[in-house]
Amino acid sequence: MTPPITPPTLVHEPLGPVDAHTPALTTAEADQRAVDHVPLVAHVVRETLSRVPSHVNGDDLRSAGLAALVQAARSYDPARGVPFGSYATSRIRGAILDELRSVDWASRSVRRRSREIEEARTRLAATMGRLPDDAAVAEALGLEVAEVQRSDDDVARASVLSLNAGPDGSDGSVADSLSSTEPGPEAALLVAERLQYLQEAIVELPERLRAVVTGYFIDERPMAELAAELGVTESRISQIRAEALVLLRDALNAALDPDRLQPHAKPNGCVARRRDAYVAAVAERHAAARSVRATLPVFDTTA
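Notes on the structure follow. Given the structure is predicted, the values throughout are model-derived calculations rather than measurements.

1. As for the pattern of salt bridges
This structure, assessed with the given rule, holds 13 salt bridges. Note that Arg-221 is salt-bridged to Glu-229, the shortest N-O span being 2.4 Å. Beyond isolated ion pairs, a larger network of salt bridges with shared partners links Arg-249, Asp-250, Arg-275 and Asp-276.

2. Comments concerning the packing of helix 11 (residues 223-230) against helix 12 (residues 234-256)
Two numbers describe how helix 11 lies on helix 12: the axes approach to 8 Å, and their chain directions differ by 95 degrees. With respect to helix 12, the element helix 11 is oriented roughly perpendicular. Note on element contacts: helix 12 touches helix 11 through Glu-234, Ile-237, Ser-238 and Arg-241, opposite Met-223, Ala-224, Leu-226, Ala-227 and Leu-230. When the residues that make up the contact of helix 11 with helix 12 are grouped by side-chain class, the tally is six nonpolar, one polar and two charged.

3. Description of the nonpolar core
Ala-201, Leu-205, Leu-248 and Tyr-278 are the most contacted members of the largest nonpolar core, which has 20 residues in total. Within the residue set of this core, elements represented by two or more residues are helix 9 (185-203), helix 10 (207-218), helix 11, helix 12 and helix 13 (270-295). Here the element with the most residues in this core is helix 12; it accounts for seven residues. Residues within four places of Ala-201 in sequence aside, it is in contact with Leu-248, Ala-251, Leu-252, Tyr-278 and Val-282.

4. Notes on the packing of aromatic side chains
Counting across every chain of the model gives three aromatic pairs. Ring geometry for Tyr-216 and Phe-217: centres 5.0 Å apart, planes at 85 degrees, overall edge-to-face. On the accessibility criterion, Phe-217 (40% relative accessible area) is partly exposed. Through a chain of ring-to-ring contacts, the aromatic side chains of Tyr-76, Phe-84 and Tyr-87 assemble into a single cluster. The ring of Tyr-216 carries the charged tip of Arg-241 above its face, separated from the ring centre by 4.8 Å.

Calculation criteria
- Each chain carries its own residue numbering, running from 1 in the direction its sequence is written.
- Given that this is a predicted model, residues contribute local features only at a pLDDT of at least 70 and side-chain atom pairs are listed and counted only at 80 or more, while totals for whole chains, interfaces and linings are drawn from all residues.
- Hydrogens and waters are ignored; side-chain quantities use all the structure's heavy atoms.
- Note on definitions: salt bridges are taken to be side-chain nitrogens of Lys or Arg within 4 Å of carboxyl oxygens of Asp or Glu.
- To obtain each axis, a line is fitted to C-alpha atoms, and for helices this fit is confined to the stretch in contact; angles are then taken between N-to-C directions over 0 to 180 degrees.
- Numbered from the N terminus, helices here are DSSP runs of H or I no shorter than four residues, and strands are runs of E no shorter than two.
- Roughly parallel covers angles under 35 degrees, roughly antiparallel covers those over 145, roughly perpendicular covers 65 to 115, and oblique covers all other angles.
- Contacts: residue pairs with any heavy atoms within 4.5 Å of one another.
- Side-chain classes are defined by residue name, with Ala, Val, Leu, Ile, Met, Phe, Trp, Tyr, Cys and Pro counting as nonpolar, Asp, Glu, Lys and Arg as charged, and the others, Gly among them, as polar.
- Put simply, a nonpolar core is a bunch of buried Ala, Val, Leu, Ile, Met, Phe, Trp, Tyr and Cys residues held in one set by side-chain atoms that sit within 4.5 Å of each other.
- Relative accessible area decides the class of each residue, using a 1.4 Å probe on protein chains only: under 20% of the type maximum gives buried, over 50% gives exposed, and in between gives partly exposed.
- Classification of ring pairs uses Phe, Tyr and Trp, with its six-membered ring standing for Trp, and accepts pairs whose centres are within 6.5 Å; under 30 degrees between planes counts as stacked, over 60 as edge-to-face, and the remaining range as tilted.
- Over a ring means this: the NZ of a Lys or the CZ of an Arg is within 6 Å of the ring centre and within 35 degrees of the ring normal.

This is the structure we're talking about:
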């Protein structure tokens, strides 16, 4: 009788540990892996921007995400059995959240309390059929009304508006409402200098011209009153005023805006010489006044 054939025993050779060490990538290889996964950053940033206020800067989030991607590529260990895409996504999301927290003016506790209050408002609105007031929200959460109002104030202070967006969706922009019609420091300095020069130019006017300019423009006296005082007609007062304004204009242009100074029709004529003498006298008075102001002591008013 033929003995039965015994099947051979199968011996399973060990395959080795599943977490066998894989040679680490070089820095260049890790950086290339990061470059290959740059679209992952764009995806996470788009996903995040859809859930945050419009004033959040997407470029800042992309910068934080790219930096996290590079760090993830260099620290990734395949032996852990986690795909690189999942590992990098986690690191990128964490970096973007850190960036959002760093630019948020409200603390995490303020945001947490605000979420609780908004959730309570939503629940009460669904139950009551109307928007609940602060007293109802406070009662539902076991808080004081002042705490609810303080939380709303904290969130409002932390809100940031885009200067290019209209407030509450209205036309125009916040920048338009912030613009001031007042002159800036440089413009204010130029205006002050022109006023100072104008005062000195008025003082240098011939006596009769100075009297008309001062009486008509500064004291706001009627032309008839000035005519009676000077013993001339109102028509003559008008001529004197026009002559004075031409001299004042030429004096200011000669000192502050020479390109606008009109050349005289007869440079060697009597009228031209009188104008040049007047302009020179105004400039000399202004220089003397500046030298006097330069010698005055400066007092510290901040103490």
